[in-house]
Amino acid sequence: DQTQLSKTSFKFFGLGGSNEVGRSCHILQYKGKTVMLDAGIHPAHQGLASLPFYDEFDLSTVDVLLISHFHLDHAASLPYVMQRTNFRGRVFMTHPTKAIYRWLLSDFVKVTSIGSNGYNDKDENLYTDEDLAESFDRIETIDFHSTIDVNGIKFTAFHAGHVLGAAMFQVEIAGLKTLFTGDYSRETDRHLNSAEVPPSSSDILIVESTFGTATHEPRINREKKLTQLIHSTVLRGGRVLLPVFALGRAQEIMLILDEFWSQHHDELGNGQVPIFYASNLARKCMSVFQTYVNMMNDDIRKKFRDSQSNPFIFKNISYLKNLDEFQDFGPSVMLASPGMLQNGLSRDLLEKWCPDEKNLVLITGYSVEGTMAKYIILEPDTLPSINNPEANIPRRCQIEEVSFAAHVDFRENLDFIEKIGAKNVILVHGESNPMGRLKSALLSNFASLKGTEDEVHVFNPRNCVVVELEFKGIKVAK
Ligand SMILES: [Zn+2]
């Protein structure tokens, strides 16, 4: 037998989510195999404009599509890909992701099919409920820490923190290993485990850069700030609007508020200051959370065991399907979707409550460029009304931001990147500026390795720009 070295090129191609947050979709090609990572939409756009640049790639060549988690910017164009394109590959996600995906996207179809003008514009619909149902049956599930092999493409799911069911995928093709983080967090929170470092090393790391080089305050401080802001607002008779994505981080906020309300029962409890979770999905989604407690961290499982009652059955929070059943008297706290105030319930309440200076709008998620949530943080004097574009609404309410988005900050990201030890790092899921700052910080962090065999290469490609890497594969000649 004779071994010889042969160069083989690995290609990375971003169809969305490169130098931006939104419409995540990345293509990997190596030795004739093609893997697609995520299939999201961009929350600041509507209809076809919200899709990744699918026309720039032949989707019929994709062997495997892996979905990291259920957030719309990672999963909401999947029914479009599966039903409306020439994609013929196999699709995988974790069990909780699949369970939540179903309800979430059916709500997404409902919201987007109404259209921004209030009438149904069929041409603008990305897909229908029927598409969604048909795609659902063809999605396969993967357990955490198990490896699946599809024609020589091996992939393993690891815990990513972030939201229930979120996974990192380590993909191995002909010995070359790539780790895709999706969105991830390294801080243990009230219900989720933090992201784990896979036991085997990776040659390439594709990592999110949402917060760039910013630093988060510790969780305990953020929780305190959140409860104090809400407490002082309701004490002065104000209303609190928390725009949240219906599922995921909203449940973390509810765990914090339900506990705080129990601790201040005399003052807030017994409906004196009601907390509402307003979402079409409320009940369905809470049942998914109640079902998957066994996939959460030790802390919450211990509470579940000790108290014999489900921690996601809240004592101080009631569900609202819509605003018709809501009597708006006196102070209240409202968690309402969507999280970026684009339309729907949260937007209606924003327009109703923003003229009163007693009220508070508290942003807890990551706000994408071009959305109302991003705009309102600038504390504008007026807001455009969504139902009456001619009208401007005065904005006098207080605006605050306390992040519970569950993305790594710079320190956590750097520590994780160092632990992975990949020599090639591809940055995705970040606006250009924070991503550029992260790239510079990483390059200076690894500067001492420059020119050596262990040099770390960092890439921040734009959408539809190929990153090509050469690997010397060992080929066995017969
Ligand atoms: Zn996410």
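Calculation rules
Residues numbered from 1 in each chain as written. Predicted model: local features only at pLDDT ≥ 70, side-chain atom pairs only at ≥ 80, totals over all residues. Heavy atoms only, no water. Helix = DSSP H or I, 4+ residues; strand = E, 2+ residues; numbered from the N terminus. Rg over C-alpha atoms; globule rule 2.2 N^0.38 Å. Buried < 20%, exposed > 50% of the residue type's maximum accessible area, 1.4 Å probe, protein only. Contact = heavy atoms within 4.5 Å. Areas by Shrake-Rupley, 256 points an atom, 1.4 Å probe, with all protein chains shown as cover. Lys, Arg positive; Asp, Glu negative; His and termini not counted. Charge placed at Lys NZ, Arg CZ, Asp CG, Glu CD. Salt bridge = Lys/Arg side-chain N within 4 Å of Asp/Glu carboxyl O. Pairing = 2+ DSSP bridges. Axes fitted to C-alpha atoms, helices over the stretch in contact; angles between N-to-C directions. Donors = N, O, S within 2.8 Å, 3.2 Å for Na, K, Ca; no water. Tetrahedral: all angles 85-135°; square planar, octahedral: opposite > 155°, others 65-115°. Arc of directions from axis to C-beta.

A.B. asks: Sorry if this is basic, but what is going on with the overall build of the protein here?
C.D. replies: Check the secondary structure of the protein and you find 13 helices and 22 strands. Rg of the C-alpha trace for the protein: 23 Å, near the compact-globule value of 23 Å for 478 residues, within the 12% margin. Taken along its principal axes, the extent of the C-alpha atoms in the protein is 80 × 45 × 45 Å. Split into buried and exposed, the 478 residues of the protein put 56% on the buried side. Partitioning the intrachain contacts of the protein with sequence separation of at least 6 by distance along the chain shows that 73% fall at a separation of at least 24. For the protein, the exposed surface amounts to about 20400 Å²; the carbon and sulfur share of it is 47%. Taken together, the 48 basic and 60 acidic charged side chains of the protein have centroids lying 3 Å from each other.

A.B. asks: What exactly am I supposed to notice about the pattern of salt bridges here?
C.D. replies: Oppositely charged side chains may form a pair once their charged atoms are brought near each other. Counted under the stated rule, the structure contains 18 salt bridges. A salt bridge links Lys-374 to Glu-369, with the nearest nitrogen and oxygen atoms 3.8 Å apart. The salt bridge involving Asp-415 is made with Lys-419; its shortest N-O contact spans 2.9 Å. Placement of the pair is Asp-415 and Lys-419 together in helix H12 (residues 410-420), with a separation of 4 residues, close to one helical turn. Looking at Lys-419, the relative accessible area reads 48%, which means it is partly exposed. Within the structure, one salt-bridge network assembled from shared partners comprises Arg-190, Arg-219, Glu-223 and Glu-259.

A.B. asks: Please explain the sheet that holds strand S11 (residues 204-208) as it appears in this structure.
C.D. replies: Sheets are built from strands that pair by backbone hydrogen bonding, the pairs being arranged parallel or antiparallel. Ordered in space as S7-S8-S9-S10-S11-S20-S21, the 7 strands form an open sheet in which the pairing is mixed. The sheet terminates laterally at strand S7 (147-150) and strand S21 (457-459), the two strands that pair on one side only. The average angle at which neighbouring strand axes cross in this sheet is 20°, direction not considered. Pairing of S7 with strand S8 (residues 153-159), which is carried by 4 bridges, proceeds in the antiparallel orientation. Paired with Asp-149 across the strands is Lys-154, a residue of S8. This element, H12, spans strand S9 (167-173), strand S10 (176-180), S11 and strand S20 (424-428) of the sheet and lies at about 165° to S11.

A.B. asks: Even after reading the chapter, I still don't get the pairing of S10, so can you show me in this structure?
C.D. replies: Consecutive residues of a regular strand have side chains that alternate between opposite faces of the sheet. A large share of S10 lies buried, amounting to 5 of its 5 residues. Residues Leu-176, Thr-178 and Phe-180 point to one face of S10 and Lys-177 and Leu-179 to the other, with burial holding for every one of them. Strand direction decides the pairing type here: S9 and S10, joined by 5 bridges, are antiparallel. Across the sheet, Ile-173 pairs through a bridge with Leu-176, a residue of S10. Inspection of the sheet shows S10 paired to S11 by 3 bridges, in the parallel sense. By the bridge assignment for S11, Phe-180 is matched with Ile-206.

A.B. asks: How do you make sense of the coordination of the zinc ion when you look at a structure like this?
C.D. replies: Working reference: metal with six octahedral donors, ideal angles 90 or 180 degrees; metal with four tetrahedral donors, ideal angle 109.5 degrees. Those protein atoms acting as donors to the zinc ion are His-69 (NE2), His-71 (ND1), His-162 (NE2) and Asp-183 (OD), and they sit at 2.2 to 2.3 Å. One way to put it: the 4 donor atoms around the zinc ion meet at angles of 93 to 168°, and that makes the site irregular. All donor residues of the zinc ion come from one chain, and their arrangement in sequence is H-x1-H-x90-H-x20-D. Taken as a pair, His-69 in the loop between strand S4 (64-66) and helix H1 (72-75) and His-162 in the loop between S8 and S9 lie far apart in primary sequence, 93 residues in all. Just as His-69 is buried, His-162 falls in that class too.

A.B. asks: Looking at this structure, I do not really get the sheet that holds strand S16 (residues 360-363). What am I missing?
C.D. replies: Pairing within the open sheet is parallel, and its 6 strands lie in the order S14-S13-S15-S12-S16-S19. Edge positions in the open sheet fall to strand S14 (317-320) and strand S19 (398-401), since each of these has one partner strand only. Averaged over all neighbouring strand pairs, the angle between strand axes comes to 20°, with direction disregarded. Where strand S12 (residues 239-243) lies against strand S15 (residues 332-336), 5 bridges are found, and the strand directions are parallel. Across the sheet, Val-240 pairs through a bridge with Val-333, a residue of S15. Contacts between helix H6 (residues 249-263) and the sheet are confined to S12, strand S13 (275-278), S14 and S15, with S15 contributing the most and set at about 165° to the helix.

A.B. asks: Mind showing me how you'd approach the environment of Phe-155 here?
C.D. replies: Secondary-structure assignment places Phe-155 in strand S8. Sequence separation between Phe-155 and Gly-47 is 108 residues, and the spatial gap between their C-alpha atoms is 32 Å. For Phe-155, the residues in contact, after removing those within four places along its chain, are Val-64, Leu-66, Phe-92, Ile-142, Ser-146, Thr-147, Ile-148, Val-150, Gln-170 and Val-171.

A.B. asks: I would appreciate a short explanation of helix H8 (residues 282-291) in the present structure.
C.D. replies: Owing to its 3.6 residues per turn, the α-helix aligns residues three or four sequence positions apart on the same side. Every buried residue belonging to H8 is among Ala-282, Cys-285, Met-286, Val-288 and Phe-289, and all of these are buried. All buried residues of H8 project into a common sector of 150° when viewed along the axis, lining one side. Among the exposed residues of H8, those oriented more than 90 degrees off its buried face are Arg-283 and Thr-291.

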